[in-house]
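The primary structure of each chain is shown beneath.
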Amino acid sequence: MSSVFYTYLELGFHHIFNLKAYDHMLFLFALCAIYTLGDWRKVIALVTSFTIGHSITLALSTFNIIKFDTGLIEFLIPVTILFTCITNFFKLKGAASKQHTIFSMHNLMAVFFGLVHGMGFSNYLKSLLGKNSDTWLQLLAFNIGIELGQLLIVFILLIAAFLILNLFNAKRRDWIMVLSSAAAGIALILMMETKIF
């Protein structure tokens, strides 16, 4: 593995855990709140769908094919979190388990919202990119790093859900309600703090 590839892989991985960018982590919590450890295949497909979405706009933005208002994106990211939380309230009875692993509305939503989040990642990546022919390699490594970081986050969340639901006999409905409500509340605060208001 080249040093350039490994460097950007590591940057992507650690960016997901950056507390200054916790809105992306919050989105993952909201996105995966309706799943349990037994749904791990669906969760991997879901996270990869999100990665596909943000990889597209991240690439388009990096190569200056698209331009956007940073303030608007900062507002839209918590909107995606809030919307995801609202959809979770309609899936309190385990509807996620009935979804197709790949072809589901939840995965399609993850791709669409990934497009928004990709624009949020782009400013960070642009500040790191070197002016050379390795841009595609750097972009690929960064996206893979983000994907690995996301998978680790959701794996930890699924383990936490397993422990809470099985050891403490919590109801799945309550787990979804608490996690989604907390994420929605934080999303509303983030929306109010943007320049839109």
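Use the structure listed above.
Nothing here was measured: the structure is a model prediction, and the numbers come from that model. (Residues numbered from 1 in each chain as written. Predicted model: local features only at pLDDT ≥ 70, side-chain atom pairs only at ≥ 80, totals over all residues. Heavy atoms only, no water.)

Caption draft 1: Structural detail: the overall build of the protein. Summing up its helical and strand segments, the protein has seven helices and zero strands in all. Along the protein, helices (α) and strands (β) appear in the sequence α-α-α-α-α-α-α when read from the amino end. For the protein, the C-alpha radius of gyration of 17 Å lies close to 16 Å, the compact-globule estimate for 197 residues. Projected onto its principal axes, the C-alpha coordinates of the protein cover approximately 55 × 45 × 30 Å. In the protein, which comprises 197 residues, the share counted as buried stands at 49%. Taking contacts inside the protein between residues at least 6 apart in sequence as the whole, the part at least 24 apart equals 85%. (Helix = DSSP H or I, 4+ residues; strand = E, 2+ residues; numbered from the N terminus. Rg over C-alpha atoms; globule rule 2.2 N^0.38 Å. Buried < 20%, exposed > 50% of the residue type's maximum accessible area, 1.4 Å probe, protein only. Contact = heavy atoms within 4.5 Å.)

Caption draft 2: Region of interest: unusual backbone geometry. In the Ramachandran plot, Asn-64 falls in the positive-phi region, its phi being about 55 degrees despite a non-glycine side chain. As for its placement among the helices and strands, Asn-64 is situated in the loop between α3 (40–62) and α4 (70–88).

Caption draft 3: Looking closely at the pattern of salt bridges. By the definition in use, this model includes one salt bridge. Residue Asp-39 pairs with Arg-172 through a salt bridge whose shortest N-O separation is 3.5 Å. Placement of the pair is Asp-39 in the loop between α2 (22–32) and α3 and Arg-172 in helix α7 (residues 172–193), with a sequence separation of 133 residues. A relative accessible area of 22% means that Arg-172 is categorised as partly exposed. (Salt bridge = Lys/Arg side-chain N within 4 Å of Asp/Glu carboxyl O.)

Caption draft 4: A look at α3. Look at α3: 32 Å from first C-alpha to last across 23 residues, which is about the 33 Å you get at 1.5 Å a residue. Directly after α3, the chain includes Asn-64, whose backbone phi takes a positive value near 55 degrees. (Expected span 1.5 Å × (residues − 1).)

Caption draft 5: Inspection of the state of the cysteines at higher detail. Within this structure, the stated rule accounts for zero disulfides. Unpaired in this structure, Cys-32 has its nearest cysteine sulfur neighbour in Cys-85, at a distance of 12 Å. Judged by relative accessible area, Cys-85 falls into the buried class, the value being 0%. (Disulfide = S-S within 2.5 Å.)

Caption draft 6: Geometry of the packing of α4 against helix α5 (residues 105–126). It is the contact of α4 with α5, at a shortest axis distance of 9 Å, that shows an interaxial angle of 155 degrees. Here α5 runs roughly antiparallel to α4, going by the angle between their axes. With respect to the hand of their crossing, α4 and α5 are arranged in left-handed fashion. When α4 is examined against α5, the residues Thr-70, Ile-73, Leu-76, Ile-77, Thr-80, Phe-83, Thr-84, Thr-87 and Asn-88 are found in contact with a partner set consisting of His-106, Met-109, Phe-113, Val-116, His-117, Met-119, Gly-120 and Asn-123. Looking at side-chain class alone, the contact of α4 with α5 contains eight nonpolar, nine polar and no charged residues. (Axes fitted to C-alpha atoms, helices over the stretch in contact; angles between N-to-C directions. Parallel < 35°, antiparallel > 145°, perpendicular 65-115°, else oblique. Left-handed = near helix turned anticlockwise from the far one by under 90°. Nonpolar A, V, L, I, M, F, W, Y, C, P; charged D, E, K, R; others polar.)

Caption draft 7: Structural detail: α7. Taking 1.5 Å as the rise per residue, α7 with 22 residues should run 32 Å; its terminal C-alpha atoms sit 32 Å apart, in good agreement. Buried within α7 are the following residues: Trp-175, Ile-176, Leu-179, Ser-180, Ala-183, Ala-184, Ala-187, Leu-190 and Met-191. Down the axis of α7, the smallest arc covering the buried residues is 140 degrees, so these residues share one side. Those residues of α7 that are exposed and aimed more than 90 degrees away from the buried face are Val-178, Met-192 and Glu-193. (Arc of directions from axis to C-beta.)

Caption draft 8: Representation of the packing of aromatic side chains in the model. One pass over the structure, following the stated rule, counts six aromatic pairs. Between Phe-27 and Phe-50, the aromatic rings sit 4.9 Å apart at their centres with planes inclined by 40 degrees, giving tilted as the arrangement. Taken together, the residues Phe-27 in helix α2 and Phe-50 in helix α3 connect sequence positions 23 residues apart. One exposure class covers both Phe-27 and Phe-50, and it is buried. Relative to Phe-113, the ring of Phe-83 lies with its centre 5.8 Å away and its plane at 85 degrees, an arrangement referred to as edge-to-face. Taken as a pair, Phe-83 in helix α4 and Phe-113 in helix α5 lie far apart in primary sequence, 30 residues in all. Exposure remark for Phe-83: the relative accessible area of 43% places this residue in the partly exposed category. By way of ring pairs, the aromatic residues Phe-27, Phe-50, Phe-83, Phe-112 and Phe-113 are connected into one cluster. (Phe/Tyr/Trp six-rings, centres within 6.5 Å; stacked < 30°, edge-to-face > 60°.)

Remember that the coordinates give geometry; whether it matters functionally is a separate question.
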